[in-house]
Amino acid sequence: MTKKKIPFSATTRAGELYLPTDAIPMQLYPLLDALAKAASELRIILMDRATVDISNLVIDQNSDGDRQVALDVIADQLFYEAVQTQDVAWYASEEREDAKRINKSGKYAVAIDPLDGSSNIDINMSVGSIFSIYWAKNDPDASFLRPPKEQVSSGYFIYGPQTRLMLTTGSGVKSYYFDLNSNRFIIDKKAISIPEMAKEFAINMSNYHNWNKPIRTFIDDCIMPKGAMFGAQHNMRWIASLVAEAERILTRGGIFLYPSDGRVGYENGRLRMVYEVGAIAFLIEQAGGQATDGTKPIMEKSALHLHARTPFMFGSRKNVEQVVAYHDLPDHEMSALFVERGLFRRV
């Protein structure tokens, strides 16, 4: 796969710290600070008017045949360069077919989606960078193809009205915002907590007729008039940017669903376990929420290969428990007639 070289530039100051040193384990700090520096540089590029002109410039395809635009490659270059001087053994990116060896004696393995939601840039929607950090093992498969519960840290940078960072190192979730005056990230919430339940869901409704029966029935009941099943009719949201959906749920709760469906290529959903799903699941569970593929907790799953995909549902604990319960219902209890008679078991 041949990539075209895309020129870019960003201005940062040498020797500058981009994260506050408190509340981050000392051994992880240099790596997380390097990622924050790369994110601050990417933020500058995304704010440049010239960026819009190349936002949909397709230059290649990634390993799964998805289109690869110029900004995907620019973002990948930034984060790849950021880890070169860090204690990192392996770097795996959604934009690269294989993991790259960085430092033979490195302690960490970094997996990243450098620019999630890049197709939204030309309409000025929020995009982001998602990362996972594991203890490195001798080879990349052992380092990355493992349950997300083994992560050392995960987080995402979101580039929107504010540039923000959501971060966990295994002891809760903290949020940071990028301060323009100091040119660094400032902590604003030291303990993010997702509401136990919220009457809000996010799913791409255009795929309704391709979903399996448990998902269709769950969504039917969410929008049932007068909230016959759940006590109140739910509101729907759909941004089509994973980091933006995660930001909303970490802020006010609800549930996000990207299930498998009957279309070719969607049998296992579309979100990648290593680069997107594991990181978000770790954040969500550290904030008191849950994450599942519909039947199995995401934190217990392992990817079969670096670019493996999985169905993904996450959010408020009770919302996720409900959708899991629908997958356990006998088929006859999911018929519309059964629901109308009021015999449906509440979850």
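Residues numbered from 1 in each chain as written. Predicted model: local features only at pLDDT ≥ 70, side-chain atom pairs only at ≥ 80, totals over all residues. Heavy atoms only, no water.

Caption draft 1: Focus on the sheet that holds strand β7 (residues 153-159). As summarised here, the arrangement of the eight strands in space is β4-β3-β5-β6-β7-β8-β9-β10, forming an open sheet in which the pairing is mixed. Two strands lie at the open edges of the sheet, namely β4 (100-101) and β10 (184-189), each paired on one side alone. Bridging between strand β6 (residues 127-135) and β7 involves seven bridges; their strand directions are antiparallel. Bridge pairing in β7 places Ile130 opposite Tyr156. Strand contacts of helix α1 (residues 29-47): β3 (88-93), β5 (108-116), β6, β7, β8 (163-168), β9 (173-179) and β10, with the helix running at about 15° to β7, the strand carrying the most contacts. Where helix α3 (residues 70-82) meets the sheet, it contacts β3, β4, β5, β6 and β7, and its direction lies at approximately 155° from that of β5. (Pairing = 2+ DSSP bridges. Helix = DSSP H or I, 4+ residues; strand = E, 2+ residues; numbered from the N terminus. Contact = heavy atoms within 4.5 Å. Axes fitted to C-alpha atoms, helices over the stretch in contact; angles between N-to-C directions.)

Caption draft 2: Representation of the sheet that holds strand β15 (residues 290-292) within the structure. With mixed pairing, the five strands of this open sheet are ordered in space as β12-β11-β13-β17-β15. The open sheet has two edge strands with one neighbour each: β12 (235-237) and β15. Going across the sheet, the axis of each strand differs from the next one's by a mean of 15°, ignoring polarity. Sheet analysis places strand β11 (residues 200-202) next to strand β13 (residues 255-258), joined by two bridges and oriented parallel. Paired with Phe201 across the bridge in β13 is Ile255. Those strands touched by helix α6 (residues 242-252) are β11, β12, β13 and β17 (312-315), and its axis lies near 30° from that of β17. Helix α7 (residues 273-286) contacts β15 and β17 of the sheet and is inclined by roughly 25° relative to β17.

Caption draft 3: Quick peek at unusual backbone geometry. One non-glycine residue, Asn124, adopts positive backbone phi at about 60°. Mapped onto the elements, Asn124 comes out in the loop between β5 and β6. Look at Ala240: it is not a glycine, yet its phi comes out positive at around 65°. Within the secondary structure layout, Ala240 lies in the loop between β12 and α6.

Caption draft 4: View of the pattern of salt bridges. Throughout the structure, instances matching the rule amount to 17 salt bridges. Here Arg263 and Asp261 are joined by a salt bridge, their closest N and O atoms 2.7 Å apart. For Asp261, a relative accessible area of 9% translates into the label buried. Overlapping salt bridges bring together Glu200, Arg237, Glu245, Arg248 and Arg252 as one network. (Salt bridge = Lys/Arg side-chain N within 4 Å of Asp/Glu carboxyl O. Buried < 20%, exposed > 50% of the residue type's maximum accessible area, 1.4 Å probe, protein only.)

Caption draft 5: The environment of Asp261, seen in detail. Tracing the backbone through its elements, the reader meets Asp261 in the loop between β13 and β14 (271-272). Discounting chain neighbours no more than four positions away, the residues touching Asp261 are Asn207, Asn210, Trp211, Tyr266 and Glu267. Side chain to side chain, Asp261 and Arg263 meet in a polar contact 2.7 Å long. (Polar contact = N/O pair within 3.5 Å; in protein donor to acceptor, adjacent residues only side chain to side chain.)

Caption draft 6: How the structure looks around α6. The buried fraction of α6 is high, at nine of 11 residues. Taken residue by residue, α6 has Leu242, Val243, Ala244, Glu245, Ala246, Glu247, Arg248, Ile249 and Leu250 as its buried positions. Positive backbone phi, at 85°, marks Gly253, one or two positions downstream of α6.

Caption draft 7: Quick look at the nonpolar core. With 44 residues, the main nonpolar core has Phe144, Tyr156, Ile280, Phe312 and Phe314 as its most contacted residues. At the level of elements, β3, β5, β6, β7, α6, α7 and β17 are the ones that each hand at least two residues to this core. The leading source of residues in this core is α7, at 10 residues. Not counting the four nearest positions on each side in its chain, Phe312 is found in contact with Leu242, Phe256, Leu257, Tyr258, Leu271, Val277, Ile280, Ala281, Ala291, Thr292 and Ile298. Ala38, Phe79, Ile102 and Phe185 belong to the second largest nonpolar core, which has 41 residues in total. (Core = buried A, V, L, I, M, F, W, Y, C linked by side-chain atoms within 4.5 Å.)

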